[in-house]
Structures are given as C-alpha cells and as structure tokens.
Amino acid sequence: MGNRIKNITERTLHKGWATLSEIFFDYKMSAGNWTHKRRESYNRGDGATILLYNKEKGTVILVKQFRVSAYLNQHKTGFIIEACAGMLDDDSPETCIIREVEEETGYKLPKVTKLFDAYSSPGALTEKLHYFVGEYTSEMKVSSGGGVETEQEDIEIIEMPFKTALQGIETGEIADAKTIILLQYLQINNLV
Ligand SMILES: Nc1nc2c(ncn2[C@@H]2O[C@H](COP(=O)(O)OP(=O)(O)O[C@H]3O[C@H](CO)[C@@H](O)[C@H](O)[C@@H]3O)[C@@H](O)[C@H]2O)c(=O)[nH]1
Ligand SMILES: [Mg+2]
C-alpha cells in the first residue's frame, strides 16, 4: 500500500488537565490522489481497566461514580457503573491497575491477568486502554477504597452477582463500553 500519510503537524488548541490538539496531515486516498486533512484529537494519556470476579460466589466488583460527560448526554443520573479503571500516569499498565484497584475498591490483588489493548474512541481520543481481569477474595480487602480524597474521587463499590451484571447490560443499567467488553469476556470464557 506504500506510505499514505505524510507532513503531519500538530498545534495545541487547549492545554488544560488534558490536551486538545489540531492535527494537519496529507493523506493518500484509496483512489491514489493526495488530500489535506485536519482533525482534532484529545489526549489524556492511556489507561488500564480490570474486572474483579469471584468464581465461587459468582460475583463481580464494579464501581459507581458521577461522570459529567454522560450526564450531559442523556444519562438519567450521571452515576455510571463501571469496571475499575485508572490513568497510567508514569506506571506500567499492571502497576497502574493494581494501584487503582486498591484505591477505588480497597482490594489488594496479588495477581492480575492481561487480556488485550484497545483504543477507546479512535475517532477522537488518543487513549489506548489496557484490559485485565483478576480474581478477588474477601481476604484481599485491606481498606475501605472509595478513591483518593485529595483527587476529589467519590466512588461507591458494588459487589453484585455476575448474572445481575449481565442483565444490567440488557436493561441499560450498565452502559459503559469497557465494562460491557469485560463482562462479556468473562461470559464467553466461562470464568464465572
Ligand atoms: N481537575 C480535574 N480532574 C480531572 C479531570 N478529569 C478527570 N479528573 C480527575 O482525575 C482522576 C482520574 O481518575 P482515574 O481513576 O485515574 O481515571 P478515570 O477517570 O477512572 O478514567 C479511567 O477510565 C476511563 C474510561 O472510562 C479511561 O478513559 C481512563 O484512561 C481511565 O482508565 C479523577 O480523580 C478525576 O476526577 C479534569 O478535567 N480536571
Ligand atoms: Mg478511575
């Protein structure tokens, strides 16, 4: 196919908590002619997410927090039920997710299993999300969780039957893409 992208330039439109950039590049169309494109791209770094499950109890642990973007886009309450997740900052995905699980849920996991990476929304975000699953037991609960207070996090921890979570996808109570992907991964692979 040859190189179809050249002359990429980037200009920062807004640098705040994350960075919104304007990207210009030359793009060779399938027909062979070159075009000039402009795209906006939002960069808040990469992240990691994990679904905690307990096979014996048939349960999963999810977290619930207010997400203003969903609230602005028709979610009834804005309180979204999600798999635990966090931004990598300078850590490896595995170190990040073990830290986030403890901060958000209070469980300290000795081991996690990496599944795959996926771009969260490649039309608009740079973000690549690293997906994990991990088995939890009650002995792994070391603190109350709930998030980091200095970061104003206010996270509710929800332990629920795996079947109830699957039903939540059908009813719309669970409406977060990474969470649906992970629940279906457990289902397809008969892990719970
Ligand atoms: N001040 C400020 N704080 C922010 C802003 N946006 C987020 N934060 C805060 O930054 C922290 C980020 O928390 P994390 O647990 O690291 O990330 P997350 O918000 O749960 O996001 C995770 O899931 C997302 C997918 O749903 C992923 O997009 C993301 O990469 C990460 O994995 C939270 O305290 C959040 O309130 C902002 O614009 N301003
Ligand atoms: Mg988080």
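- You'll find the protein entered in an unreviewed UniProt entry as GDP-mannose pyrophosphatase, with Lacinutrix venerupis given as the organism.
- Under the Cofactor (unreviewed entry) heading, UniProt states for the protein: "Mg(2+)".

## Quick look at the coordination of the magnesium ion (ligand 2)
Okay, so step 1: Bound to the magnesium ion (ligand 2) are the protein donor atoms Ala85 (O) and Glu104 (OE), situated 2.1 to 2.2 Å from the metal. Here Ala85, found in strand 7 (residues 84-87), pairs with Glu104, found in helix 2 (residues 93-105); they are 19 residues apart in sequence, far enough to count as distant. Note on accessibility: Ala85 and Glu104 belong to one class, buried.

## What about a nonpolar patch on the surface?
Okay, so step 1: Together, Phe66, Val68, Tyr71, Leu72 and Phe79 line one region of the surface with nonpolar side chains, adding up to about 530 Å² of accessible area.
Okay, so step 2: The element contributing the most residues to the nonpolar patch is helix 1 (residues 68-72), with 3 residues.

## Side note on the packing of helix 3 (residues 162-171) against helix 4 (residues 177-188)
Okay, so step 1: Two elements in contact, helix 3 and helix 4, have axes whose closest approach is 10 Å; the angle formed by their N-to-C orientations is 130°. Judged by the inter-axis angle, helix 3 sits oblique to helix 4. For the pair helix 3 and helix 4, the sense of crossing is left-handed. On helix 4, the residues touching Phe162, Ala165, Leu166 and Ile169 of helix 3 are Ile180, Leu183, Gln184, Leu186 and Gln187.
Okay, so step 2: Within the contact of helix 3 with helix 4, the residues separate by chemical class into 7 nonpolar, 2 polar and no charged.

## Notes on the sheet that holds strand 3 (residues 34-43)
Okay, so step 1: Strand order in this open sheet of 3 strands is 1-2-3, and the pairing throughout is antiparallel. Edge positions in the sheet fall to strand 1 (5-15) and strand 3, since each of these pairs with one other strand and no more. This sheet shows a mean twist of 20° between the axes of neighbouring strands, independent of strand direction.
Okay, so step 2: Relative to strand 3, strand 2 (residues 19-28) runs antiparallel, the two sharing 10 bridges. Bridge pairing in strand 3 places Phe25 opposite Lys37.

## Notes on helix 2
Okay, so step 1: With 13 residues, helix 2 should reach 18 Å at 1.5 Å per residue; the first-to-last C-alpha distance of 17 Å fits that figure.
Okay, so step 2: Among the residues making up helix 2, those that are buried are Pro93, Cys96, Ile97, Glu100, Val101, Glu104 and Thr105. For helix 2, the angular spread of the buried residues around the axis is 130°, confining them to a single face.
Okay, so step 3: On the buried face of helix 2, the contacting elements are strand 4 (47-54), strand 5 (59-66), strand 7, strand 9 (128-135) and strand 10 (156-161).
Okay, so step 4: Of the residues trailing helix 2, Gly106 is marked for its positive phi of about 85°.

## Things to note about the UniProt feature "binding site: Mg(2+) 1" (unreviewed entry) in the protein
Okay, so step 1: UniProt records the feature "binding site: Mg(2+) 1" (unreviewed entry) at Ala85 and Glu153, using the numbering of this structure. Spanning 69 residues, the annotated positions come together in the fold, the maximum distance between their C-alpha atoms being 12.6 Å. None of the other annotated residues line the largest pocket; only Ala85 and Glu153 do.
Okay, so step 2: Look at Ala85 and you get buried, because its relative accessible area is 19%.
Okay, so step 3: Contacts of Ala85, omitting those with residues within four sequence positions, involve Ala48, Thr49, Ile97, Glu100, Glu104 and Lys178.
Okay, so step 4: Mapped onto the elements of the fold, Glu153 is located in the loop between strand 9 and strand 10.

## A closer look at the environment of Lys108
Okay, so step 1: Within the secondary structure layout, Lys108 lies in the loop between helix 2 and strand 8 (113-119).
Okay, so step 2: By relative accessible area, Lys108 is classed as partly exposed at 48%.
Okay, so step 3: Separated by 35 residues in sequence, Lys108 and Ser143 have C-alpha atoms that sit 8.6 Å apart.
Okay, so step 4: Within the local environment of Lys108, its side chain forms a polar contact with the side chain of Glu102, the two groups lying 3.2 Å apart.

## Observations concerning the site of ligand 1
Okay, so step 1: Of all residues adjacent to ligand 1, which total 16 residues, the nearest are Arg44, Gly86, Met87, Glu127 and Lys178.
Okay, so step 2: The backbone of Glu151 places a nitrogen or oxygen atom 3.3 Å from an oxygen atom of ligand 1.
Okay, so step 3: Measuring from an oxygen atom of ligand 1, one finds a side-chain N or O atom of Lys178 at 2.6 Å.
Okay, so step 4: A molecule is said to occupy a pocket when more than half its atoms come within 2 Å of that pocket's grid points, and by this definition ligand 1 occupies the largest pocket.
Okay, so step 5: Secondary structure elements with two or more residues in the shell around ligand 1: strand 4, strand 7 and helix 2.
Okay, so step 6: Of the residues forming the shell around ligand 1, the biggest block, 3 residues, is contributed by strand 7.
Okay, so step 7: Here the shell around ligand 1 is composed, by residue class, of 5 nonpolar, 2 polar and 9 charged.

Criteria and thresholds
- Residues numbered from 1 in each chain as written.
- Chains lettered and ligands numbered in written order.
- Predicted model: local features only at pLDDT ≥ 70, side-chain atom pairs only at ≥ 80, totals over all residues.
- Heavy atoms only, no water.
- UniProt positions renumbered as here; feature names shortened; annotations may be inferred.
- Donors = N, O, S within 2.8 Å, 3.2 Å for Na, K, Ca; no water.
- Helix = DSSP H or I, 4+ residues; strand = E, 2+ residues; numbered from the N terminus.
- Buried < 20%, exposed > 50% of the residue type's maximum accessible area, 1.4 Å probe, protein only.
- Patch = residues over 30% accessible without salt bridge, like charges linked within 9 Å, V, L, I, M, F, W, Y side chains within 5 Å.
- Areas by Shrake-Rupley, 256 points an atom, 1.4 Å probe, with all protein chains shown as cover.
- Salt bridge = Lys/Arg side-chain N within 4 Å of Asp/Glu carboxyl O.
- Axes fitted to C-alpha atoms, helices over the stretch in contact; angles between N-to-C directions.
- Parallel < 35°, antiparallel > 145°, perpendicular 65-115°, else oblique.
- Left-handed = near helix turned anticlockwise from the far one by under 90°.
- Contact = heavy atoms within 4.5 Å.
- Nonpolar A, V, L, I, M, F, W, Y, C, P; charged D, E, K, R; others polar.
- Pairing = 2+ DSSP bridges.
- Expected span 1.5 Å × (residues − 1).
- Arc of directions from axis to C-beta.
- 1 Å grid on protein atoms, 1.4 Å probe; cavity = no way out; pocket = protein on both sides within 12 Å on 5 of 7 lines; lining within 4 Å.
- Polar contact = N/O pair within 3.5 Å; in protein donor to acceptor, adjacent residues only side chain to side chain.
- Near = heavy atom within 4 Å.
- Sits in = over half its atoms within 2 Å of the grid points.

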